[in-house]
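Secondary and tertiary structure notes
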Amino acid sequence: MKKIISFMLIFIIGISAVGCGAKKEKVSLEDLKVMPKFDLKDVNDKKVNNEIFKGNKLTMINIWATG
C-alpha cells in the first residue's frame, strides 16, 4: 500500500512540475478590446452571437457547464 501511495505522490508532483513549465502566450491590451465572433444557441434553443454585446462599453460573461 505504501508503494502505491508513494508512486501516486511522485506521479502527481511530476505532472504538476510539467504543467507549471508551460509557455504562456503574450496577449496585448488591443487583443482584449475586441469581442471574438461567435454564433451559438442558448438553453432555450435561441441563436446568440456577439452582436448582443454591441454598444456596451464593458461586458462580463459567466460561462459554466455541468459534465
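Reading guide: rules and limits
Residues numbered from 1 in each chain as written. Predicted model: local features only at pLDDT ≥ 70, side-chain atom pairs only at ≥ 80, totals over all residues. Heavy atoms only, no water. Helix = DSSP H or I, 4+ residues; strand = E, 2+ residues; numbered from the N terminus. Buried < 20%, exposed > 50% of the residue type's maximum accessible area, 1.4 Å probe, protein only. Areas by Shrake-Rupley, 256 points an atom, 1.4 Å probe, with all protein chains shown as cover. Salt bridge = Lys/Arg side-chain N within 4 Å of Asp/Glu carboxyl O. 1 Å grid on protein atoms, 1.4 Å probe; cavity = no way out; pocket = protein on both sides within 12 Å on 5 of 7 lines; lining within 4 Å. Points joined across faces, edges and corners; volume = space filled by probe spheres on them. Nonpolar A, V, L, I, M, F, W, Y, C, P; charged D, E, K, R; others polar. Contact = heavy atoms within 4.5 Å. Patch = residues over 30% accessible without salt bridge, like charges linked within 9 Å, V, L, I, M, F, W, Y side chains within 5 Å.

In this section: the overall build of the protein chain. Tallying secondary structure elements over the protein chain gives two helices and two strands in all. Tracing the protein chain from N to C terminus, the helices and strands come up as α-α-β-β. A buried classification covers 3% of the 67 residues belonging to the protein chain. For the protein chain, the accessible area works out to roughly 7,400 Å², and carbon and sulfur atoms hold 64% of it.

Right, let's get into unusual backbone geometry. Phi at D45 takes a positive value of approximately 65 degrees, unusual for a residue other than glycine. For D45, the position within the fold is in the loop between β1 (39–41) and β2 (47–49).

With that settled, consider the pattern of salt bridges. For the structure shown, the criterion picks out two salt bridges. One salt bridge connects D45 with K41, and the closest N-O pair in it is separated by 3.8 Å. Exposure class is identical for D45 and K41. Each is exposed.

It is worth spelling out the layout of surface pockets at this point. Empty pockets left among the atoms are what a rolling probe the size of a water molecule brings to light. The space that makes up the largest pocket amounts to roughly 430 Å³. Lining of the largest pocket is provided by F38, L40, K41, D42, V43, V48, F53, I61, N62, I63 and W64. Estimated volume of the second largest pocket: approximately 190 Å³. Its residues assigned to classes, the lining of the second largest pocket comprises six nonpolar, two polar and two charged.

Time to look at the side chain of N50. Positionally, N50 belongs in the segment after β2. Accessibility expressed as a relative area gives 15% for N50, which makes it buried. Setting aside anything within four residues of it in sequence, one finds N50 in contact with M35, P36, K37 and F38.

Where nonpolar side chains cluster on the molecular surface, the patch consists of M1, I4, I5, F7, M8, L9, F11, I12, I13 and I15 and spans about 1,100 Å² of accessible area. Of note, F7 is situated in helix α1 (residues 2–20). F7 sits in the exposed class, given a relative accessible area of 56%.

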